[in-house]
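Chain by chain, the residues:
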Amino acid sequence: HVPDAGVLAPLRLDGYLSFHDVAAAARDFGNRCSLLPAAVLHPGSVADVAAAVRRVFQLGERSPLTVAARGHGHSLLGQSQTAGGIVVRMESLGGGARMRVHAGGAGADAPAYVDAPGGALWINVLHETLKHGLAPKSWTDYLHLTVGGTLSNAGVSGQAFRQGPQVSNVNQLEIVTGRGDVVTCSPEENSDLFYGALGGLGQFGIITRARIALEPAPKMVRWIRVLYSDFASFTEDQEALISAERTFDYIEGFVIINRTGILNNWRTSFKPQDPVQASHFQSDGKVLYCLEMTKNFDPDEADIMEQEVGVLLSRLRYIQSTLFHTDVTYLEFLDRVHSSELKLRAQGLWEVPHPWLNLLIPRSTIHRFATEVFGNILKDSNNGPILLYPVNRSKWDNRTSVVIPEEEIFYLVGFLSSAPSASGHGSVEHAVSLNDKIVDFCDKAGVGMKQYLAPYTTQQQWKAHFGARWETFERRKHMYDPLAILAPGQRIFPKASLPMSS
Ligand SMILES: Cc1cc2nc3c(=O)[nH]c(=O)nc-3n(C[C@H](O)[C@H](O)[C@H](O)COP(=O)(O)OP(=O)(O)OC[C@H]3O[C@@H](n4cnc5c(N)ncnc54)[C@H](O)[C@@H]3O)c2cc1C
């Protein structure tokens, strides 16, 4: 049943409604789910977004129409799609011309920020702010994602241990609610909606603008990798680094099980002496752990950076012959995954299915988790990079909708699998069966895991995910999107007349 999006036709829009590109809006990065919308709205203004949502709201609960904001469509399982509804192409409002950089003044009273459209790609926010010598503080590993898309999840990368996730670095939002109202919100004004929308999986409104905190942009980056064969030393060093006062500016880590093939190494453009490809280092088939760090520096003060890095490295217990580093610009470092994307695209390997699994594991159970997962479940193979790095809970604002483990330190563990073949080890089925084993282990062993970018398909699962926070999440839904019009692809609140799809 395809509902009639023609009900939007009488609207006077600054942009336009299209019907020919519905197939493209039924795809995402996960490439495992395809829900065909009735139409795609290319908004020319925030008023267009509000008018479309308001119209659907006015149709009432008997109308099956829903509205899905689509960022860059980098969801994994249809989260930015809608079956038979309206997809709002947020990138139409994402251009640099709509960005406003406020350079701020001296002192803490006038901090710098940028007002960026919800549909702006982070790479474009970076380009725009760099013109003023400024940059956002917290990132994702990949910048071709939208502001509204990552803020609806959390936005986590190697800066989060110090700066918090991206949702901790926003001062104000402009939101179109599920009633079609345009609301400005911040910690001081409409704070319930502000915190609800951050990590809110698009459930309470469409973010049309975000005020993002800025800092002076670093010029250069010393980018360092070292290897460990011992998991305990690897994680102890990571934890010591994220807890220290004077430390690196970015700290991540990854697990190296299978060192061959572009699909296992796509995540980075780290060039000069990539340890992942360093053939001279023999590990006898053992699992290796790579600690990745950066130190920002001004080329005029490279000596100071060298000294500081030397002191920091001297406290670590990595395998001494495996220290690799390179110096790149801040922009090159932040945009590092994009060059790999281009290589994969050239080989047709970017559009393959991506059965990713992202977990947040408390510090107290990370060893048990690693023993089972890397020693047993994934002993011989993996289908893509595996990230593993700690962050501190105190940097996450617990008033947002983001769900994280209870402990002060927890790990982000990302299994970024690709499934290039229809059967065998490279298939979706194989990757999903490994993911299921990992999740199953976590449940049975009481690991205290929470999923990030969770692909749950029933409200029961979501209730378990939110735990004690479910009541607040549900209350906010009734308040801001009472007809459950928005982001139906998250499968949290089915619109009354629509069956829950999986
Ligand atoms: C290669 C790659 C690397 C990644 N690296 C990281 C990483 O390092 N850290 C990290 O945290 N995440 C990472 N992600 C995940 C990323 O945060 C999610 O894919 C997220 O969905 C953002 O993608 P998007 O902007 O394309 O949004 P979409 O996938 O289009 O949308 C995501 C969800 O948000 C909703 N939405 C979209 N725009 C808005 C808006 N303006 N207002 C309200 N709701 C909206 C959609 O309806 C959907 O439910 C990565 C993803 C990929 C593909």
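Within each chain, residue numbers correspond to sequence positions counted from 1 in written order. Only residues with pLDDT of 70 or above have their local features reported here, since the model is predicted, and side-chain atom pairs are shown and tallied only from 80 upward, although totals for entire chains, interfaces and linings are computed over all residues. With hydrogens and water stripped out, all remaining heavy atoms of the structure feed into the side-chain values.

## Focus: empty space enclosed by the protein
Of the grid points, spaced at 1 Å and generated over the protein atoms alone, those admitting a 1.4 Å probe that cannot get out make up cavities, while open sets with protein on both sides within 12 Å along at least five of seven lines make up pockets; any residue with an atom within 4 Å of a point is treated as lining. Grid points are joined across faces, edges and corners, and a volume is the space filled by probe spheres set on the points. Per the counting criterion, the structure on display carries six cavities of 30 Å³ or more. In this structure, the largest cavity spans a volume of roughly 990 Å³. Taken together, 48 residues line the largest cavity, and the ones lying closest to its centre are H74, L145, G149, N153 and L453. Of all elements in the fold, only strand 3 (67–70), helix 3 (147–151), strand 10 (205–216) and strand 16 (386–392) reach the threshold of two or more residues within the lining of the largest cavity. Three residue categories are used. Nonpolar comprises Ala, Val, Leu, Ile, Met, Phe, Trp, Tyr, Cys and Pro, charged comprises Asp, Glu, Lys and Arg, and polar comprises the others, including Gly. Here the residues of the lining of the largest cavity sort into 25 nonpolar, 20 polar and three charged. We count a stretch as a helix when DSSP gives it H or I for four or more residues in a row; a strand needs E for two or more, and each element gets its number in order from the N terminus.

## A few points about the pattern of salt bridges
Every case where a carboxyl oxygen of Asp or Glu lies within 4 Å of a side-chain nitrogen of Lys or Arg is listed as a salt bridge. Under the definition given, this model contains 21 salt bridges. One salt bridge connects E128 with K131, and the closest N-O pair in it is separated by 3.2 Å. Between D192 and R475 there is a salt bridge whose closest N-O contact spans 2.9 Å. Highlighted residues: D192 in helix 5 (residues 191–197) and R475 in helix 14 (residues 470–480), separated in sequence by 283 residues. Within this structure, D115, R209 and R211 form a network of salt bridges that share partners.

## Topic: the site of the ligand
The rule for a residue being near a molecule or strand is that one of its heavy atoms must lie within 4 Å of it. If you check the shell around the ligand, you find 32 residues, and the closest are A69, S75, D141, T146 and Y452. Here a polar contact means two N or O atoms within 3.5 Å. Within protein one must be a hydrogen donor candidate and the other an acceptor candidate, and residues neighboring in sequence count only if both atoms are side-chain atoms. Between G73 and the ligand, the recorded distance is 3.0 Å, taken from a backbone N or O atom to an oxygen atom. Take I207: an N or O atom from its main chain is 2.8 Å from a nitrogen atom of the ligand. Surface accessibility in these figures is a Shrake-Rupley result with a 1.4 Å probe; residues are shielded only by whichever protein chains are displayed. Relative to its unbound accessible area of 950 Å², the ligand is 95% covered by the protein chains. With respect to the pocket detection grid, the ligand is positioned in the largest cavity. Of all the elements in the fold, those that place two or more residues in the shell around the ligand are strand 3, helix 3 and strand 10. A per-class count over the shell around the ligand returns twelve nonpolar, 18 polar and two charged. A pocket or cavity is taken to hold a molecule when more than half of that molecule's atoms are within 2 Å of the pocket's grid points.

## Focus on the layout of surface pockets
It is a probe the size of a water molecule, rolled over the atoms, that shows where empty space is left. By volume, the largest pocket amounts to about 440 Å³. Taken together, 20 residues line the largest pocket, and the ones lying closest to its centre are A24, R27, R70, H72 and G73. A breakdown of the residues in the lining of the largest pocket according to their chemical character gives six nonpolar, six polar and eight charged. Each domain span listed reflects an automatic or database assignment of domains. Per-domain counts for the lining of the largest pocket show at least three residues from each of domain 1 (5–88 + 476–490) and domain 3 (220–452). Estimates place the volume of the second largest pocket at around 340 Å³. Residue lining of the second largest pocket: 16 residues in total, with R32, L357, D436, Q451 and P455 positioned closest to the centre.

These figures come from the coordinates and say nothing about function on their own.
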